[in-house]
Amino acid sequence: RTQMLATSGGDGARLRDTLLMVFGTRVVDALEPVECGVDDLQVSLTGYVSKANQGVRGDTGRQFLFLNGRPVDLPKVLKVLNDT
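This one's a predicted model, so the numbers in the text were calculated from it and none came from an experiment.

Once that is clear, we can look at the overall build of the protein. Broken down by element type, the protein carries three helices and four strands. Across the protein, helices and strands are ordered from the amino to the carboxyl terminus as α-α-β-β-β-β-α. Counting across all 84 residues of the protein, residues that qualify as buried make up 7%. Summed over its atoms, the accessible surface of the protein is roughly 7600 Å², and 52% of this surface lies on carbon and sulfur atoms.

What follows is about the environment of Leu78. For Leu78, the location among the structural elements is in helix α3 (residues 75–83). Taking the C-alpha atoms as reference points, Leu78 and Gln63, 15 residues apart in sequence, are found 8.3 Å from one another. Residues within four places of Leu78 in sequence aside, it is in contact with Gln63 and Leu65.

This brings us to a nonpolar patch on the surface. A cluster of nonpolar side chains, namely Met4, Leu5, Met21 and Val22, defines an oily patch on the protein surface of about 430 Å² accessible area. Inspection of the secondary structure puts Leu5 in the segment before α1 (15–23).

Turning next to the pairing of strand β1 (residues 31–38). The pairing of β1 with strand β2 (residues 43–50) spans eight bridges and is antiparallel. Paired with Pro33 across the bridge in β2 is Tyr48. Where β1 folds back on β2, the antiparallel hairpin that results is connected by four residues, among which Gln42 adopts a positive phi of roughly 55°.

A complete count under the given rule lists one aromatic pair for this structure. Aromatic side chains Phe23 and Phe64 sit 5.7 Å apart centroid to centroid with 35° between the ring planes, which places their arrangement in the tilted category. Taken together, the residues span a long stretch of sequence, with Phe23 in helix α1 and Phe64 in the loop between β2 and β3 (66–67) at a distance of 41 residues. Given a relative accessible area of 30%, Phe23 falls into the partly exposed group. Its relative accessible area of 51% is what places Phe64 among the exposed residues.

Taken as a whole, this structure holds two salt bridges when the rule is applied. Across the salt bridge formed by Asp29 and Arg16, the nearest N and O atoms sit 3.8 Å from each other. Of this pair, Asp29 sits in helix α2 (residues 25–29) while Arg16 sits in helix α1, and the two are 13 residues apart along the sequence.

Moving on: the confidence of the model for the protein. Detailed reading of the predicted model is not advised wherever pLDDT is low. Confidence along the protein averages 80 in pLDDT terms, with 81% of residues attaining 70 or more. Here β3 stands out as the least confident element of the protein, with mean pLDDT 80; α2 is the most confident, with 89.

Cut-offs used in this document
Residues numbered from 1 in each chain as written. Predicted model: local features only at pLDDT ≥ 70, side-chain atom pairs only at ≥ 80, totals over all residues. Heavy atoms only, no water. Helix = DSSP H or I, 4+ residues; strand = E, 2+ residues; numbered from the N terminus. Buried < 20%, exposed > 50% of the residue type's maximum accessible area, 1.4 Å probe, protein only. Areas by Shrake-Rupley, 256 points an atom, 1.4 Å probe, with all protein chains shown as cover. Contact = heavy atoms within 4.5 Å. Patch = residues over 30% accessible without salt bridge, like charges linked within 9 Å, V, L, I, M, F, W, Y side chains within 5 Å. Salt bridge = Lys/Arg side-chain N within 4 Å of Asp/Glu carboxyl O. Pairing = 2+ DSSP bridges. Phe/Tyr/Trp six-rings, centres within 6.5 Å; stacked < 30°, edge-to-face > 60°. pLDDT = per-residue confidence, 0-100.

Printed below as a string of structure tokens:
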């Protein structure tokens, strides 16, 4: 078994640092941090999106969605996000 990629990981790891290790400076510089939440529902969203002038509409090849730190495949959620 060959290790292909290693990140610092763990609870103390910053998402931006992990993105830098995986995608590199050019990609991360084109991202904007986003944080929002609905207190009444106890829901929060934290992550990164491409800057308006950097994004390529229709290119869904580099969309990653995580729920509670775990990768998930939720095509309906991605469709709603892409359609807005």
